[in-house]
Amino acid sequence: MHGPTPGQPGPMIHRLDAVASTQDEAAAHWDGRQGHAAAPVEAPFAILAREQTAGRGRLGRRFVSPPGGALALTVAHRSAVPPAARSWFPLAAGLAVIDTLSAVLGPAGSGGAQQLGLKWPNDIHTVQGRKLGGILVEGHGMDGVLVGIGLNLLGPIREADGGAVPGATWLLGPEGILGREAASTTEVDELRELIGTYLARAVTRELEALESTEGDAQDAGTHRRYTMTCLTLGSAVRVDRLDPAEAGGTGSVHGTARAIDAHGRLVVDLEGGRSLTVDVGDVRHLRPGRRAGTAEGIPTVAQQEEKGT
């Protein structure tokens, strides 16, 4: 395994064992509510935990990470970019994860971070459609941004009732990305520490690049790099729209994901020459690992819900 470049600066990391949510913990540190007579912690900083008991995703969806079997990280960032111009922040966080896994585990296709990419906007997937982790970006006050990241370190991933989570993948364990079992709990802890340290730096670096261009992803180079990493582009997709204000309102449509626009929204080509620009919605790949038009097929259990920007 590889590691962060020596001497690279990064945010202060507060390492914790079990927390309800690293997002809530970061907010408490920001506000000075993390303990008796505590003072506010100046951003940037990060919260890294071994376990989450009340983690959350988009639309308030809840999940629990197994003790010691996952990475839960929140990076707290203070932004000078107006909230309306931060639409690329969630996508840039996804790029930080891909860059981190390539640096720590080895380049794609070498038995490390093999064939990993982003499912719009920022879920970490294999090209076969299996989900390694996800990201939730939340605002905190007028200038605060909390970037929450969860990655599966150990597998298989189980539901509360013991059943396997369909479509999930992990790093260590049977059929995991690294192709081997963990040698010990110490190895898992060391892997979490290595990825977490590098990832906190990578997220900060990506957001600072957008800060330098006032949120313009094209000038920052974020748009070009993202389109090279996004597995959704060119795929047949189903879009479950959640925003009545969008063109066409709520409901489901099918089409082909064609582009990412200047605001980070997904542009989907529909039948009859029409197109749909998706800002908020669940996007599902209908044939994971296949580009649209390359093979016939129907939705499979490998499809995962997606976060909207």
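The structure presented is a predicted model; accordingly, all values stated were derived computationally and were not measured.

A. The pattern of salt bridges, seen in detail. Enumeration over the complete set of coordinates arrives at 15 salt bridges. Arg-50 is the salt-bridge partner of Asp-189, the closest N and O atoms lying 3.3 Å from each other. Of the two residues, Asp-189 is situated in helix H3 (residues 185-212) and Arg-50 in strand S2 (residues 45-52); the sequence distance between them amounts to 139 residues. Relative accessible area serves as the criterion here: at 30%, Asp-189 is assigned to the partly exposed category. By relative accessible area, which is 30% here, Arg-50 ends up partly exposed. Asp-143 serves as the salt-bridge partner of Arg-78, at 2.7 Å between the closest nitrogen and oxygen. Within this pair, whereas Arg-78 is found in strand S5 (residues 70-78), its partner Asp-143 is found in the loop between strand S8 (131-140) and strand S9 (144-152), the two being separated by 65 residues in sequence. What makes Arg-78 partly exposed here is its relative accessible area of 35%. The class of Asp-143 is partly exposed, set by a relative accessible area of 25%. Salt bridges linked by common partners bring Asp-17, Arg-50, Asp-189 and Arg-192 together as one network.

B. Summary view of helix H1 (residues 22-31). The element H1 is largely enclosed, with a buried count of seven among its ten residues. For H1, the set of buried residues is Thr-22, Gln-23, Ala-26, Ala-27, Ala-28, His-29 and Trp-30. Looking one or two residues beyond H1, the residue adopting positive phi is Gly-32, at roughly 80°.

C. Local environment of the sheet that holds S9. With mixed pairing, the seven strands of this open sheet are ordered in space as S1-S2-S5-S9-S8-S7-S6. Of all strands in the sheet, those bounded by a partner on one side alone are strand S1 (12-19) and strand S6 (116-119). Sheet twist, expressed as the average angle between the axes of neighbouring strands with direction ignored, equals 20°. The sheet contact formed by S8 and S9 spans eight bridges and is antiparallel. The residue of S9 that forms the bridge with Ile-135 is Ile-149. Contacting S5, S6, strand S7 (123-126), S8 and S9, helix H2 (residues 89-105) crosses the sheet at an angle of about 170° to S6.

D. Broad picture of the sheet that holds strand S12 (residues 266-269). Sheet architecture is open: five strands sit in the order S13-S12-S11-S10-S14, paired in antiparallel fashion. Strands with a single pairing partner mark the edges of an open sheet, and in this sheet they are strand S13 (275-278) and strand S14 (281-285). Ignoring which end each strand starts from, the neighbouring axes of this sheet average 40° apart. Pairing geometry for S12 and S13, over four bridges, is antiparallel. If you follow Asp-269 over to S13, its bridge partner there is Ser-275.

Cut-offs applied
- Counting starts from 1 at the beginning of each chain's written sequence and moves along it residue by residue.
- Predicted model: local features are reported for residues with pLDDT of at least 70 only, side-chain atom pairs are reported and counted for 80 or more only, and whole-chain, interface and lining totals are derived from all residues.
- For the side-chain quantities, the full set of heavy atoms in the structure was used; hydrogens and water were omitted.
- Any carboxyl oxygen of Asp or Glu that lies within 4 Å of a side-chain nitrogen of Lys or Arg is treated as forming a salt bridge with it.
- Each helix is a run of H or I in the DSSP string that is no shorter than four residues. Each strand is a run of E no shorter than two, and both are numbered from the N terminus.
- When accessible area is computed with a 1.4 Å probe and restricted to protein chains, residues below 20% of their type maximum are described as buried, those above 50% as exposed, and intermediate ones as partly exposed.
- Whether two strands pair comes down to DSSP finding at least two bridges between them.
- The angle between two axes is taken between their N-to-C directions and runs from 0 to 180 degrees, where each axis is a line fitted to C-alpha atoms and a helix contributes only its stretch in contact.
- Residue contacts are counted whenever heavy atoms from the two residues lie within 4.5 Å of one another.

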